[in-house]
Amino acid sequence: MFGISLAPLHLSDDKYQQDFDSDSDSEASEEPHREMSVPEVYLEACRLVGVVPVSHFLRNLSSSTMTLSHHGLGPLGCKALAVALVTDMNINTLELADNNIQAEGVKHLLELLRANFTLQNLDLSDNHLRSEGAEHVAKLLLDSVSLKTIKLSGNGFIDDDAKHLAEALSVNFRVKELDLSHNKFCGRGGEHLGQLLANNEGLEVLDLSWNHLRMKGAVALSAGLKVNMTLRHLDLSWNGFGNEGALAMGEALKFNSSLVHLNLNNNRLTNEGVGMLCRGLEFNDTLRVLLLAYNSVTVEGALALVNLVRNSYRTALEEINICNVMVNENFVNLLEETCQEHPNLDVQYGGVGGFIAKKPPKRIDPMKVIQDYLDERKLRLWDFFRNIDKDGTMRVPVGEFRRAVQQSSIPLDRFQTEELIQRLDRDGTGSVDYRGLADTRKQMMRDHRRQLKKAESRQKKEKQKSDRILKTFQSAVEAVTPHGSVVMSPGGSKENSGGPRHFSATPLSSWHHIVMSGSGRYSITNLSHEHLPRLGSTTSYRPTSSPAVRSYSQPDLDDMVRSRRGKSSSALGARSDVDHDNLSPTVNPLTRSRPALNDKQVKAKTKKTKRVKKRPEKKRKDPEH
């Protein structure tokens, strides 16, 4: 048991600090060499803050895992606990779920983790942290050097809170597991979480189940997953990705090469969304577990998944969970054949008894059938009825009309014949009146054109929607990808990201090469103050407002640019022959950049350069040479 003295303990309240100091002085006078044990410190802390000690804590101090969930600690109880664990070197897992510690309790834990380097696993689920607590958790993640797992489930975090967590985890790469389930992250929250995935290089397990990640948030999160290189386990169940999110996730899986476990249970996916996932999984060779239970998937989606494993030589899928899907005999036979080639494959389905819903074949308009029949024989529509109407009354009994159609060679079935009779005998008089037949034919043609337009419009809208989602996905990828990173495409080509550009102070030699090479002209952009590194110093980079940085700028740059504005391209290119020997590190740092030339020097070098360029042209014209 490690003992600690009361002197190094620091409580935020002055009253408690004075009490501790007075007690410490009195005890020190009586026993100058005695140190209080952890139980004694905890009991004294509970007495001073006014809370009842937790006996479970005192009984299990020898264990490496301290489970204090559902003990009703509150902020003050958490404060006493933090005081006792400041120098404890035995406990590495602390579970404080459902203790209502609130943001104030997290502040005390922050002080604890600044002094304790043993604690690795922390559970703060269901503690009503809210937005203020999220800020303290972000500070906790920034200051902690030992935490590897943190659970923040059910704390009412919103979109803005995800920003604080993303910024903290963009610096802290020691955390391996993060639980943010049962919170309220939506669109902007998905954007911040996508930034987290893109910038973090240590997180391996992320739980985002039971949030509100849909549409925009789902696309942004998938964009971050595309460029992530470390995440292995991702839980997105009970969110509502939909087919739009499935399209973005499929695009991300084409490039991601680290994810092993993906949970998309209950995300409003249909067979179309499963097909989009399969198109991405064709290029993925790392994902082994895919959970798609409780989605609107039928036998068609199940067949698509098994066909993916059977036909794709790159897929590494070993477990597929569609436990709510009823399959048919064709699926069972296909699965048996696939398992012979892939013995590690395990597909969990609901049972045998499902069927593929087949839409009944759409019947052709009977008037169109009659019209096509007459066109082939070069007859008029009136001729067909005149052969039936012997009296010329333009009315034919229904029985005679039905008999005439059956005896003729017109390809009409019974349903089409009855539909035509209902259309020509709307009043139910028992006689077919073909006087309005021309209007019926025109209406039929209008209906046919209207249906074609609807189908084309529907296909166009679906294509536009898919293109819009892919465009948004690509924009999100460019936003979260650091500049200079390279992403391998499924075909083997490389994609250079166009994300935000970060400043990096390059050495003098490489910086000079970037400025002087290429077109041979000075670039105002490259020579601006914000891109110049501070030379000859190891201190951090100063902002553009610093006079020290301004002193290293190109001397007389504006005059030189004005003097060369009207020159030809050859004159502008004459500056490429820079004497690099004069730029040695031993030279005064204020004169490392090339001094400006006056007008006479510019003209002299221009004329000299032109004479040099004419000599090769004369040699080319000489045939002997």
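Read on for an overview of the structure. Model, not experiment: these values are computed from the prediction. (Residues numbered from 1 in each chain as written. Predicted model: local features only at pLDDT ≥ 70, side-chain atom pairs only at ≥ 80, totals over all residues. Heavy atoms only, no water.)

With that out of the way, let us pick up the packing of aromatic side chains. Here the structure, examined in full by the defined rule, presents 3 aromatic pairs. An angle of 55° between the planes, with centres 4.6 Å apart, marks the rings of Y42 and F57 as tilted. Linking Y42 in helix α2 (residues 38–49) with F57 in helix α3 (residues 55–59), this pair joins segments that are 15 residues apart in sequence. Overall, F57 belongs to the buried group, its relative accessible area being 0%. The ring of F255 carries the charged tip of K226 above its face, separated from the ring centre by 4.0 Å. In this arrangement the basic side chain of R414 is found over the ring face of F415, its NZ or CZ atom lying 4.6 Å from the centre. (Phe/Tyr/Trp six-rings, centres within 6.5 Å; stacked < 30°, edge-to-face > 60°. Helix = DSSP H or I, 4+ residues; strand = E, 2+ residues; numbered from the N terminus. Buried < 20%, exposed > 50% of the residue type's maximum accessible area, 1.4 Å probe, protein only. Lys NZ or Arg CZ within 6 Å of the ring centre and 35° of its normal.)

Turning to the sheet that holds strand β7 (residues 177–179), a few remarks are in order. Spatial strand order, β3-β4-β5-β6-β7-β8-β9-β10-β11-β12-β13: 11 strands in an open sheet with parallel pairing. Looking at which strands have only one partner, the edges of the open sheet turn out to be β3 (65–67) and β13 (346–352). Along the sheet, successive strands turn relative to each other by an average axial angle of 5°, direction set aside. Strand direction decides the pairing type here: strand β8 (residues 205–207) and strand β9 (residues 233–235), joined by 3 bridges, are parallel. Bridge assignment links D207 to a residue of β9, and that residue is D235. Strands β11 (289–291) and β12 (319–327) of the sheet are contacted by helix α12 (residues 299–311), whose axis makes an angle of about 150° with β12. (Pairing = 2+ DSSP bridges. Axes fitted to C-alpha atoms, helices over the stretch in contact; angles between N-to-C directions. Contact = heavy atoms within 4.5 Å.)

Sheet topology note: the β11/β12 ladder contains 3 bridges and is parallel. Note that in β12 the partner of V289 across the bridge is E319. The handedness of the β12 to β13 crossover, carried by helix α13 (residues 329–341), is right-handed. (Right-handed = clockwise from strand over helix to strand, strands pointing away.)

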